[in-house]
Amino acid sequence: MTKDMTNGSPMKLILGFSVPLLFGFLFQQFYNLMDTLIVGRFLGVDDLAAVGSTGSVNFLIIGFCMGVCNGFAIPLAHKFGAGDYKGMRGFMMNAIYLSAIFAVVMTIMTVIFCMPILELMRTPENIIDGAYRYIVIIFWGIPVTYLYNLVSGIIRSMGDSRTPVVFLVIAAVINIGLDLFFIVVLGTGVEGAAWATVISQLISGVGCLIYSIRHFEILHPEKEEMQVNKTYMMTLCGMGVPMGLQYSITAIGTMMVQSALNILGSYAVAAFTAGNKIENIFTQAYVAIGTTMATYNAQNIGARKLDRVRQGFNSAHIIGITYAIVTGVIIFFFGKYLSYLFISDNAAEVIPMVDTYVKCVAVFFIPLHFVNALRNGIQGMGYGLLPMLAGVAELAGRGITAMIAAAHKSYFGACMASPMAWVLAGGLLIIMYFYVMKDMKRRLGL
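In this report, the structure presented in the accompanying data block is examined. The shown structure was predicted, so the numbers you read here are calculated from the model rather than taken from an experiment.

**Re a nonpolar patch on the surface**
So, point 1. Judged by side-chain polarity, Ile101, Val104, Val105, Ile108, Met109, Ile112 and Phe113 come together as a nonpolar surface patch covering roughly 660 Å² of accessible area.
So, point 2. The exposure class of Ile112 is exposed, given its relative accessible area of 53%.

Rendered as structure tokens:
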């Protein structure tokens, strides 16, 4: 069930690991799209805008959870690549303890400050109530988010990208069914979409946990491996917290964009939401490549094989740049037509704005590839703090562009915020790559 990525063709390994991830991420986006489709079709533009207006704050919190769990998995992958399974299990148990603490604290804090955050973001009065009813339920589900992401991260650290995908697909199907049941049958409104997300993720997290216990004997800890280890916890926090903060720093920039959009009204918010959903369909490949590079590099650094890390980066760039060119052309010319899936009213006003959004992002897919492949790959090599600088660059690019857009009340400016972030962060990461490779060669004594 595990996969040693320290031997064999890097191109073949990266494709073999990333394709199942891509399939899972696409399914995740599919049921996110179904949320949007069902809300937009059955509840209308205002409720669609309400859900969409929470996207940035959702990413701020849930993204931190995901980043922390991904960071916790890196020391496990190092130990797996080095063949130190006892150390791997010790890291696993301490990651579980830390995740439980983080989940409880974050749930309490986010539920308490949920409404003040929405008010700070200048959420329009006609949608703020729906936005609160949706996002507060998502925040109550933070422990569930930690459960799934930690267990799936542990499994991926051993080279298995397929098992988490299976449970993600199951969750997607359940989520769609629950969306229809809560919103269409019970008439619960936007909170029904939130409950569907939380419940489906709970099922996938529990299923993934039970499966891993039954099928991965390598994960069964001995008594001494279950002890709290301060050194392990410091190492885990050194990787997990910076990766979580990186997501949150990026999210702060998206919150600034959301604030700029909120000034423009619910049509702009709805169009941006629809455009972002379309973008996410095409950009999950970059996320899959980035996740793959974190595991691939972590195992090979654990095995002290720096040349394979370099070969892996080169293979990832060939895949990512080719994909960026092909999909960039497709979304530039045809992306707007997908918006008809979830825009039921006021289409004449909303769809031209969707077209503006997808054209803006399509031109900048190559920088987006570099952001994902290099940042995750560098993190997989054991550098936790350094890639955060790329997150700061993203914040600068996205935030400055958003402030200019808000000052001029420009929808086009808001659409250009993410592309500017990708350009700045991608350029900085290319420079980091050369420094990291040189520094790692020194560390390994090669």
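The structure having been displayed, the exposition proceeds.
**Some words on unusual backbone geometry**
So, point 1. If you check the backbone angles, Arg304 has positive phi at about 65° while not being a glycine.
So, point 2. Among the structural elements, Arg304 can be located in the loop between helix H11 (266-302) and helix H12 (306-334).
So, point 3. With phi around 50°, Lys409 is a residue other than glycine that occupies positive phi space.
So, point 4. In this fold, Lys409 is placed in the loop between helix H15 (388-408) and helix H16 (411-415).
So, point 5. Lys409 sits in the exposed class, given a relative accessible area of 59%.

**Observations concerning the packing of helix H3 (residues 55-82) against helix H6 (residues 125-140)**
So, point 1. Direction vectors running N to C along H3 and H6 enclose 5°, while the axes themselves pass 11 Å from each other. Overall, the two elements H3 and H6 adopt an arrangement that is roughly parallel. Every residue of H6 that contacts H3 at Val57, Asn58, Ile61 and Ile62 is listed here: Ile135, Ile138 and Phe139.
So, point 2. Of the residues that constitute the contact of H3 with H6, the class distribution is six nonpolar, one polar and no charged.

**Examining the pattern of salt bridges**
So, point 1. Scanning the entire structure with this criterion turns up twelve salt bridges.
So, point 2. The salt bridge partner of Glu225 is Lys86, with a shortest N-O separation of 3.8 Å. Separated by 139 residues along the polypeptide, Glu225 in the loop between helix H9 (190-215) and helix H10 (230-264) and Lys86 in helix H4 (residues 85-112) bring together distant segments of the chain.
So, point 3. Judged by relative accessible area, Glu225 falls into the buried class, the value being 6%.
So, point 4. Asp439 serves as the salt-bridge partner of Arg442, at 2.6 Å between the closest nitrogen and oxygen. Here Asp439 and Arg442 lie together in helix H17 (residues 417-444), a separation of three residues that amounts to about one turn.
So, point 5. With a relative accessible area of 58%, Arg442 lands in the exposed category.
So, point 6. Through salt bridges with shared partners, a single ionic network connects Lys86, Arg89, Glu224 and Glu225.

Conventions adopted
- Residues numbered from 1 in each chain as written.
- Predicted model: local features only at pLDDT ≥ 70, side-chain atom pairs only at ≥ 80, totals over all residues.
- Heavy atoms only, no water.
- Patch = residues over 30% accessible without salt bridge, like charges linked within 9 Å, V, L, I, M, F, W, Y side chains within 5 Å.
- Areas by Shrake-Rupley, 256 points an atom, 1.4 Å probe, with all protein chains shown as cover.
- Salt bridge = Lys/Arg side-chain N within 4 Å of Asp/Glu carboxyl O.
- Buried < 20%, exposed > 50% of the residue type's maximum accessible area, 1.4 Å probe, protein only.
- Helix = DSSP H or I, 4+ residues; strand = E, 2+ residues; numbered from the N terminus.
- Axes fitted to C-alpha atoms, helices over the stretch in contact; angles between N-to-C directions.
- Parallel < 35°, antiparallel > 145°, perpendicular 65-115°, else oblique.
- Contact = heavy atoms within 4.5 Å.
- Nonpolar A, V, L, I, M, F, W, Y, C, P; charged D, E, K, R; others polar.

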